[in-house]
Amino acid sequence: MSYTFNWSVLWTGQAGGWLLDGLITTIEISFLAWWLAVTLGILSGALRTVPLAPLRWAAAAYVEFFRNVPLLVWMFFGYFAVPPLLPDAVREWLFEHGAEFWAALCALGVYHGARFSEVIRAGIQAIPTTQFEAAVSTGLTVAQAYRLIILPIALRLIIPPATNESLNLLKNSSVALTIGVAELTFQTRQIETYTAKAFEALAAGTVIYLLLCLTIATVMARVERRFAIPGMIAQGAVGEN
Amino acid sequence: MELRVIADNFAFLILQGFFGFGAFAGGTLRLAVPAIVFGFLLGIFIGLGRLARSRWISVPMTIYVEFFRGVPLVMVIFWFWFIIPVLVGKSLPEYSVALTAFVVFEAAYLGEIVRAGIQSVPRGQVEAAIATGLTRAQAMRHVILPQAFRNMIPALVTQFIVLLKDTSLASIIGYVDLTKAAQIVNNREIRPFELYLFIAAVYWACSYGMSRYAHALERRLNPQAA
């Protein structure tokens, strides 16, 4: 093995700035996609448990449609297949304002929304049905019972699997490099291309991902302890694809 | 919609892209099937290692699992793509690189499935096996693992679904799987909507079909839970 390490490529020249830009883009896209995914996930996850069959079917259709196709295919679809269908003005605006970012954001959001949905459904199903019945018998409507009773409990139950899923979203944001989003993995490759120092560049990217995941996991473990409901833990479709 | 593009390239997309018969060493299944088999074999060692009483074995195995679960798969593929040529002195074909990366990466997740499967066997079984005079290794091989494997099957099918979808990422190093095949056809035909919708449908059918199967298996193995 004849390879000379040169770690200084990471802080001399542009590499440091590229890594920082990449990190910021990764956080930006993950954060925005996370909000989209959580919103879609809570909405569809709750709808999958309501006592009205057509709403349940619609939510199930959303989940099964998006989570059974690779994220990469959704990214290609959003970036290459959807824009030609849009009106000219919208398309031009998009390509002037980073179409790849928005396509990746939507793909990441809807794909992980479908996966969050399963986590939230499992959380709701872990709550004894008597809670719902009691809520409705006090005079709350179904919507109020979900908003005031069921969801607040479910969200506290699902913190561990939801953290896991959030980390998956963060890691999957790396798939956005395939459509040209300059996120962390993209910048890592760029450093490799410019300096031919593969080890150093990849090690830097890897360490940043590990640190990000570790930080989030540590923070969420504290949050989990803070919000734990004594005697209740979420069960069920935690490890589902 | 111009479905002719699918009909004209059907053989290339399905035979070459999905199954892997043809001029390129490619194919989604040709990558996914060996990856799950070898990944599982490696996963058995990792799962057993995590449960080992010796810290010298369990700590490194835990680090292995946590490391690969904390890094994006895309990053792992790039590691192997750039590092293998440096280590062995020549560049290997995309297929070998992709297969190695998937086996190493999936083994971390499969190791956790193996561990959970072993831990799902009641303790009394181990104690009874040892009480009959079996050594620990014999008890593991003849009593624990056979029961553990049975419990693992639904999780293994689910993991295979994840893996099948993840193999689309091998296209980033130029491996000709279903996704790359669609890209190749699209470069010539410029029909992104039809082509990406078609491969989405193929992935969907496999993934959804297997997830129903996993669900049915789970119900049969564990009737009171579902």
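Calculation criteria
- Residues numbered from 1 in each chain as written.
- Chains lettered and ligands numbered in written order.
- Predicted model: local features only at pLDDT ≥ 70, side-chain atom pairs only at ≥ 80, totals over all residues.
- Helix = DSSP H or I, 4+ residues; strand = E, 2+ residues; numbered from the N terminus.
- Buried ≥ 20, exposed ≤ 12 C-beta atoms within 10 Å, placed from the backbone.
- Contact = placed C-beta atoms within 7 Å.
- Core = buried A, V, L, I, M, F, W, Y, C linked by C-beta atoms within 7 Å.
- Axes fitted to C-alpha atoms, helices over the stretch in contact; angles between N-to-C directions.
- Parallel < 35°, antiparallel > 145°, perpendicular 65-115°, else oblique.
- Left-handed = near helix turned anticlockwise from the far one by under 90°.
- Nonpolar A, V, L, I, M, F, W, Y, C, P; charged D, E, K, R; others polar.
- Bend = angle between axes of the 7 residues up to and from the residue.
- pLDDT = per-residue confidence, 0-100.

K.L.:
Just checking my understanding: could you explain the overall build of chain B for this structure?
P.N.:
Secondary structure assignment for chain B yields ten helices and zero strands. Taken from N to C terminus, the helices and strands of chain B fall in the order α-α-α-α-α-α-α-α-α-α. Seen along its three principal axes, the alpha-carbon backbone of chain B occupies a region of about 70 × 50 × 30 Å. Of all 226 residues assigned to chain B, the portion counted as buried reaches 43%. Taking contacts inside chain B between residues at least 6 apart in sequence as the whole, the part at least 24 apart equals 69%.

K.L.:
Looking at this model, I keep getting lost on the overall build of chain A. Mind explaining?
P.N.:
Helices and strands together make up the secondary structure of chain A, namely ten helices and zero strands. Secondary structure elements of chain A, listed N to C terminal, follow the sequence α-α-α-α-α-α-α-α-α-α. Along the first, second and third principal axes, the C-alpha set of chain A runs to 70 × 50 × 30 Å. In chain A, which comprises 241 residues, the proportion classed as buried is 44%. Sequence separation of 24 or more characterises 80% of the internal contacts of chain A that already satisfy a separation of 6 or more.

K.L.:
Would you mind showing me how to read the nonpolar core here?
P.N.:
Ranked by internal contacts, the top residues of the largest apolar core, which has 126 residues, are A:Val73, A:Met75, A:Ala104 and B:Ile77. Of the residues forming this core, the biggest block, 15 residues, is contributed by helix H5 (residues 99-125) of chain A. Every residue in contact with A:Val73, bar those within four places of it in the chain, is listed here: B:Ser168, B:Thr179, B:Tyr196, B:Ile199, B:Ala200 and B:Tyr203.

K.L.:
I keep staring at the packing of helix H3 (residues 71-81) of chain A against H5(A) and nothing clicks. Help me out?
P.N.:
Helix-helix packing is characterised by the crossing angle of the two axes and by the distance between the axes. Residue and element names in this part refer to chain A. Orientation of H3 relative to H5, taken along the N-to-C sense of each, is 140°, at an axis distance of 8 Å. With respect to H5, the axis of H3 lies oblique. H3 and H5 meet at a crossing whose hand is right-handed. Listed contacts from H5 to Leu 71, Trp 74, Met 75, Gly 78 and Tyr 79 of H3 are Ala 99, Glu 100, Ala 103, Ala 104, Cys 106, Ala 107, Val 110 and Tyr 111. Class assignment for the residues of the contact of H3 with H5 results in eleven nonpolar, one polar and one charged.

K.L.:
It is not clear to me how the environment of B:Tyr95 should be interpreted in this structure. Could you clarify?
P.N.:
Residues and elements named next belong to chain B. Tracing the sequence through the fold places Tyr 95 in helix H6 (residues 94-119). For Tyr 95, a count of 19 C-beta atoms within 10 Å translates into the label partly exposed. Beyond its immediate stretch of four places on either side in the chain, Tyr 95 contacts Ala 25 and Tyr 175.

K.L.:
Hey, could you run me through the environment of B:Pro192 in this one?
P.N.:
Locating B:Pro192 in the fold gives a position in helix H10 (residues 192-221). Along the sequence, B:Pro192 and B:Ala182 sit ten residues apart, while their C-alpha atoms lie 8.5 Å from each other.

K.L.:
Please explain helix H7 (residues 142-157) of chain A as it appears in this structure.
P.N.:
Quick reminder: α-helices carry 3.6 residues per turn. Residues three or four places apart thus point the same way. Residues and elements named next belong to chain A. Maximal helix bending in H7 amounts to about 40°, located at Ile 150; proline Pro 152 follows within four positions. Taken together, the buried positions of H7 are Ala 145, Tyr 146, Ile 150, Ala 154 and Leu 157. Residues of H7 that are buried make contact with helix H1 (15-47), H5 and helix H6 (129-137).

K.L.:
Mind showing me how you'd approach unusual backbone geometry here?
P.N.:
For residues that are not glycine, phi is negative in most cases, and the peptide bond is trans in most cases. The backbone of A:Ala196 shows a phi angle near 60°, a positive value even though the residue is not glycine. Residue A:Ala196 is classed as exposed on the basis of its 11 C-beta neighbours within 10 Å. The residue B:Ile190 is not glycine, and still its phi comes out positive at about 50°. Overall, the presence of 11 C-beta atoms within 10 Å leaves B:Ile190 in the exposed class.

K.L.:
Help me understand the packing of helix H2 (residues 10-19) of chain B against helix H9 (residues 178-189) of chain B, please; the structure alone is not making it clear to me.
P.N.:
Residue and element names in this part refer to chain B. Relative to each other, H2 and H9 sit at 145°, their axes nearing to 8 Å. Remark: the crossing between H2 and H9 carries right-handed chirality. Only Leu 178, Ala 181, Ala 182 and Val 185 of H9 make contact with H2, whose side of the interface consists of Phe 12, Leu 13, Gln 16, Gly 17 and Phe 18. Looking at the contact of H2 with H9 residue by residue, the class counts come to seven nonpolar, two polar and no charged.

K.L.:
I would appreciate a short explanation of H3(A) in the present structure.
P.N.:
In terms of burial, H3(A) is largely enclosed, as ten of its eleven residues are buried. All of the buried residues in H3(A) are A:Leu71, A:Leu72, A:Val73, A:Trp74, A:Met75, A:Phe76, A:Phe77, A:Gly78, A:Tyr79 and A:Ala81. Tucked inside the fold, the buried residues of H3(A) contact H5 and helix H8 (159-172) of chain A together with H9 and H10 of chain B.

K.L.:
Just checking my understanding: could you explain the interface of chain A and chain B for this structure?
P.N.:
One frequent convention defines the size of an interface as the accessible area lost when the parts assemble. Opposite the 32 residues of chain A that make contact, chain B presents 29 residues. The set of elements that each furnish at least two residues to the side of chain A that touches chain B consists of H3, H8, helix H9 (184-195) and helix H10 (198-227) of chain A. Broken down by element, the residue count for the side of chain A that touches chain B peaks at eight residues, all from H10(A). Within the side of chain A that touches chain B, the residues separate by chemical class into 18 nonpolar, nine polar and five charged.

K.L.:
Even after reading the chapter, I still don't get the confidence of the model for chain B, so can you show me in this structure?
P.N.:
Model confidence for chain B is summarised by a mean pLDDT of 91, while 99% of its residues fall at 70 or above. Both scores are given for the predicted complex: the pTM is 0.91, the ipTM 0.90.

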